[in-house]
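The lines below spell out each chain.
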There are 2 protein chains.
Amino acid sequence: MAYEPFIIGIDLGGTNIRAAVVDHIGEIIAYGHRQTLANEGPRAVIDRMIDAAREVMAKAGLAQCQVAAVGVGSPGPLDIEAGVTLSPATLPGWDRVPLRQLIEEGLGIPTTLENDANAAALGEHCFGAGRGVDHMIYVTVSTGIGGGLILDGTLYHGATGMAGEIGHTTILADGPLCGCGNRGCLEALASGSAIARRAREIVTSGVPTRIANLANGNIDLITAKLVADAASEGDVEAEKILSEAMDYLGTGMASLVNLFNPELVVIGGGLAHIGERLFGPVRHIIKQRAFLAQAQAARVVPAELGDHAGVLGASEVASIALFHGMGNK
Amino acid sequence: MAYEPFIIGIDLGGTNIRAAVVDHIGEIIAYGHRQTLANEGPRAVIDRMIDAAREVMAKAGLAQCQVAAVGVGSPGPLDIEAGVTLSPATLPGWDRVPLRQLIEEGLGIPTTLENDANAAALGEHCFGAGRGVDHMIYVTVSTGIGGGLILDGTLYHGATGMAGEIGHTTILADGPLCGCGNRGCLEALASGSAIARRAREIVTSGVPTRIANLANGNIDLITAKLVADAASEGDVEAEKILSEAMDYLGTGMASLVNLFNPELVVIGGGLAHIGERLFGPVRHIIKQRAFLAQAQAARVVPAELGDHAGVLGASEVASIALFHGMGNK
């Protein structure tokens, strides 16, 4: 019988830490999670990541020596070569934290670090919606917009490991200011926070809308989810806000379809749960804006792995490093 | 002594046909050109391509059996697998012309077909500004805007050979109509024809500018070159038109820098001859709009091969097909 290693995938998010023991065919053998509590600082968070990994090892009945590798997906930007975080927006105070080394020392298992969106793209490519596809764009639309590029069958990193910033391509050069300092980024127009910001503007300007009722008149409670709920109840303003944002998302995807000529565009993240209100306009705008041949080649589908994309992708990151001897140390 | 094959590169453009015999280190041994005269139809043009190839073989003193392969760069869209043109905008009436087969039969030498911008990108990568670089974006800015992507050391084709349409990424979602039917494409904002169109609008609206004088009052004579000349003479309106277009070009490049994390952005095409009036704003806007790490990683340089990029790139296309046994037949 061939040696089939177990791998631990850890998904570090601004809100949750998720960990799983994954086998060689991408089955989750054990799963656990913790709150991130990022405000307690890097050391406390990393200890919780190590705890979560130990918990899933124990659940799976594995000793340390039975786990071949650990993969960690973390919010970027990262220096993946050095295994170090570079002040991620969702992890305040994490400037140059040697995350890879600290996890590796804590668990005593070789560890590889990857950008969270790249890890999720790998997860969907190996075990989810993108199985068997060589040219795939993965986009995650939630508070922000991230992405990962599977080109010619492998994850594309670029010159210094920073490729794939789909959320920070300019769609409307004179558009609203983005968190990155640029104007008119896809993220500033089509993300959950962009939708919430637009809804707050509408409510503040006194336009009558269900959004205000659902938020009990407190604009701080307005989220993209709440706007989607109001739209589902038939609120015209909410529908307008959502459809404008999804048209921008489609515009961004059409550019990527012209640029990458992918077979598949996989859309995940919290906002993908609104379903046809997202996929309908995105497919329509790609057809309208992209070249016919490229548009016809590109299917647009929902991500399949949900909350598990991160841990499965992180495990695949470790698996690739293991088999290709290319651990990023 | 090892066998060092000679290769013929043919560059088919809307205006000129160029052909060259190229040796294994990218030296041009013999060079020739013809007018395309596209209005005479595919058969006449293809005969001129074959004539041009025979002329350079004769100049180089080579018999047919001494030429290992022929590479052809043609305006797209193409079906490169089938070796067939798909109604290129600059070659009216070329719908499904079996260009690869007709050249191969005409010369009796194995032939490979590639998109012209991809061929030029390969030329710059192998023999020009991009030597030794693994992650390079090539952009050609002339009447239109085309491009080619060198990712992880090789030309990226996408799922159906149509990747790299840099000119048709959306920069300004509500911007001017593009030839492709989309709105606010980079090509509609920053190409030579976009600059000329904007200048015609300004002149027609009666704003006083040197552009009108240089065109002898005939707006049909207004070209991007003429706008650049007026700007060189200090004309404020011409400077405004150019600088707005180059800011859009920079915006497009900043998006690509965030997306691809390249080491190098190579800009060629007729408009690159205006030099600092192009490269200054493009470098400035990348610094302003892209992420710091990505912007720092990406040098922006002029193409080096000029009119020879096409034939050198076409020869490299044939060379790759020859050595990898991947001729697109």
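Visitor: Teacher, can you tell me more about helix 9 (residues 276-289) of chain B here?
Guide: In an α-helix, one turn spans 3.6 residues, which is why side chains three or four residues apart end up on the same side. All names here are of chain B. Taking 1.5 Å of rise per residue, 14 residues should cover 20 Å, and helix 9 covers 19 Å from first to last C-alpha, within 8% of that figure. What helix 9 keeps buried is the set Leu278, Pro281, Val282, Ile285, Ile286 and Arg289. On an axial view of helix 9, the arc spanned by its buried residues comes to 135 degrees, and they lie on one face. As for helix 9, its buried residues are in contact with helix 8 (236-260), strand 11 (264-268), helix 10 (292-297) and strand 12 (299-302).

Visitor: Could you clarify how one ought to interpret helix 5 (residues 192-204) of chain B in this entry?
Guide: Residues and elements named next belong to chain B. If you check helix 5, its first and last C-alpha atoms are 18 Å apart, about what 13 residues at 1.5 Å a residue would give, namely 18 Å. The secondary structure elements touched by the buried residues of helix 5 are helix 4 (186-190), helix 6 (210-214), helix 7 (224-232) and helix 8. Note on helix 5: the residue one or two positions beyond its end, Gly206, has a positive phi of about 90 degrees.

Visitor: Mind showing me how you'd approach the nonpolar core here?
Guide: Side chains that are nonpolar tend, in soluble globular proteins, to be buried together. Core analysis: the biggest nonpolar cluster contains 225 residues, and Ile10 and Val227 of chain A together with Ile10 and Val227 of chain B have the highest contact counts within it. In this structure Ile10 of chain A touches Ala19, Met49, Ala52, Ala53, Val70, Val72, Val311 and Ala314 of chain A, once residues within four positions along its chain are discounted.

Visitor: Just checking my understanding: could you explain the relation of the copies chain B and chain A for this structure?
Guide: To go from the first copy of the chain to the second, apply a rotation about an axis and then a shift along the same axis. The transform that puts chain B on chain A rotates by 180 degrees and translates by 0.1 Å along the axis, for an RMSD of 0.1 Å. Look at the turn and shift together and you get a two-fold axis relating the two. Relative to the rotation axis, the C-alpha of Leu172 of chain B is the closest in chain B, positioned 2.1 Å from it. Counting the interface residues of chain B, we find that 100% of their copies in chain A are interface residues as well, pointing to one common contact surface.

Visitor: Teacher, can you tell me more about the sheet that holds strand 1 (residues 6-12) of chain A here?
Guide: Pairing between the strands of a sheet comes from backbone hydrogen bonds, and it takes one of two forms, parallel or antiparallel. All names here are of chain A. The strand order 3-2-1-4-7 describes an open sheet built from five strands, whose pairing is mixed. Every other strand in the sheet has two partners, leaving strand 3 (28-35) and strand 7 (111-115) as the edge strands with one partner each. The sheet shows a mean angle of 15 degrees between the axes of neighbouring strands, direction not considered. Sitting on the sheet, helix 2 (residues 99-107) is in contact with strand 4 (67-74) and strand 7, with an inclination near 145 degrees to strand 4.

Visitor: Hey, could you run me through the sheet that holds strand 7 (residues 111-115) of chain B in this one?
Guide: All names here are of chain B. Taken together, the five strands give an open sheet; going across it, the order is 3-2-1-4-7, and neighbouring strands pair in mixed fashion. The sheet terminates laterally at strand 3 (28-35) and strand 7, the two strands that pair on one side only. Here the strands of the sheet are splayed against their neighbours by 15 degrees on average, with no regard to which way each runs. Strand direction decides the pairing type here: strand 1 (residues 6-12) and strand 2 (residues 16-22), joined by six bridges, are antiparallel. Its bridge partner being in strand 2, Leu12 is matched across the sheet by Ile17. Along the sheet, helix 1 (residues 42-59) contacts strand 1, strand 2, strand 3 and strand 4 (67-74); its crossing angle with strand 3, the most-contacted strand, is approximately 150 degrees. Relative to strand 4, helix 11 (residues 309-324) is tilted by about 125 degrees, and along the sheet it contacts strand 1, strand 2, strand 4 and strand 7.

Visitor: Is there a simple way to explain the environment of Cys185 of chain B in this structure?
Guide: Residue and element names in this part refer to chain B. Secondary-structure assignment places Cys185 in the loop between strand 10 (154-155) and helix 4. A tally of 31 C-beta atoms within 10 Å means that Cys185 is categorised as buried. Measuring from C-alpha to C-alpha, the distance between Cys185 and Gly14 comes to 22 Å, with 171 residues separating the pair along the chain. Dropping the residues within four chain positions of it, Cys185 is found in contact with Gly167, His168, Thr169, Thr170, Cys178 and Cys180.

Visitor: I would appreciate a short explanation of the interface of chain B and chain A in the present structure.
Guide: The parts lose accessible area when they come together, and the size of an interface is often stated as this lost area. Listed by partner, the interface residues are 35 residues for chain B and 35 residues for chain A. At the level of secondary structure, the elements contributing two or more residues to the side of chain B that touches chain A comprise helix 8 and helix 10 of chain B. Examining the composition of the side of chain B that touches chain A, we find that seven residues originate from one element, helix 8 of chain B, more than from any other. Residues that form the side of chain B that touches chain A fall into these classes: 19 nonpolar, 13 polar and three charged.

Visitor: Please explain the domain arrangement of chain A as it appears in this structure.
Guide: All names here are of chain A. Segmentation of chain A into domains returns domain 1 (6-122 + 307-324) and domain 2 (131-303). Distance between the C-alpha centres of domain 1 and domain 2: 27 Å. The interface is formed by ten residues belonging to domain 1 together with 13 residues belonging to domain 2. Residue contributions to the side of domain 1 that touches domain 2 peak at five residues, all from helix 3 (residues 116-127). Taken together, the residues of the side of domain 1 that touches domain 2 sort by class into eight nonpolar, one polar and one charged.

Visitor: What am I meant to see in unusual backbone geometry here?
Guide: A negative phi holds for most residues other than glycine; trans holds for most peptide bonds. The omega torsion across Gly76 of chain A and Pro77 of chain A is 0 degrees, close enough to zero to call that bond cis. Relative to the helices and strands, Pro77 of chain A resides in the loop between strand 4 and strand 5 (78-79). With a phi close to 40 degrees, Ser87 of chain B is a non-glycine residue in the positive phi region. Following the sequence through the fold, Ser87 of chain B ends up in the loop between strand 6 (84-85) and helix 2 (99-107). For Ser87 of chain B, a count of 14 C-beta atoms within 10 Å puts it in the partly exposed group.

Visitor: Would you mind going over the pairing of strand 2 of chain B with me for this structure?
Guide: Look at any regular strand and the pattern is simple: side chains alternate between the two faces of the sheet. Residues and elements named next belong to chain B. Burial analysis of strand 2 places six of its seven residues in the buried class, which makes it a mostly covered element. Relative to strand 3, strand 2 runs antiparallel, the two being bridged by seven bridges. Residue Asn16 lies in a different strand from strand 3, and its bridge partner there is Gln35. Joining the antiparallel neighbours strand 2 and strand 3 is a turn of five residues, in which Gly26 adopts a positive phi near 85 degrees.

Calculation rules
- Per-chain numbering applies: the sequence of each chain, read as written, is numbered from 1 onward.
- In the order they appear in the text, chains get letters beginning with A and ligands get numbers beginning with 1.
- Only residues with pLDDT of at least 70 are given local features in this predicted model, and only at 80 or more are side-chain atom pairs given and counted; all residues enter the totals for whole chains, interfaces and linings.
- A helix here means a DSSP run of H or I that spans at least four residues, while a strand means a run of E at least two residues long, and both kinds are numbered starting from the N terminus.
- How far a helix is expected to stretch is found by multiplying one less than its residue total by 1.5 Å.
- Residue burial here comes from a neighbour count, namely the number of other C-beta atoms, placed from the backbone, that lie within 10 Å of the residue's own C-beta, with 20 or more meaning buried, 12 or fewer meaning exposed, and in between meaning partly exposed.
- The directions considered for the arc run from the helix axis to the C-beta atoms.
- A pair of residues counts as a contact when their C-beta atoms, built from backbone coordinates, are separated by no more than 7 Å.
- In this usage, the nonpolar core is the set of buried Ala, Val, Leu, Ile, Met, Phe, Trp, Tyr and Cys residues whose C-beta atoms join them within 7 Å.
- Each copy is superposed on the other by least squares, with the fit set by C-alpha atoms of residues at a pLDDT of at least 70 in both.
- Pairing between strands is defined by DSSP: at least two bridges between them are needed.
- Fitted lines through C-alpha atoms give the axes, limited to the stretch in contact for helices. The angle between two N-to-C directions lies from 0 to 180 degrees.
- Residues are sorted three ways: Asp, Glu, Lys and Arg are charged, Ala, Val, Leu, Ile, Met, Phe, Trp, Tyr, Cys and Pro are nonpolar, and all the rest, Gly among them, are polar.
- By convention here, the domain bounds are inherited from an automatic or database domain assignment.

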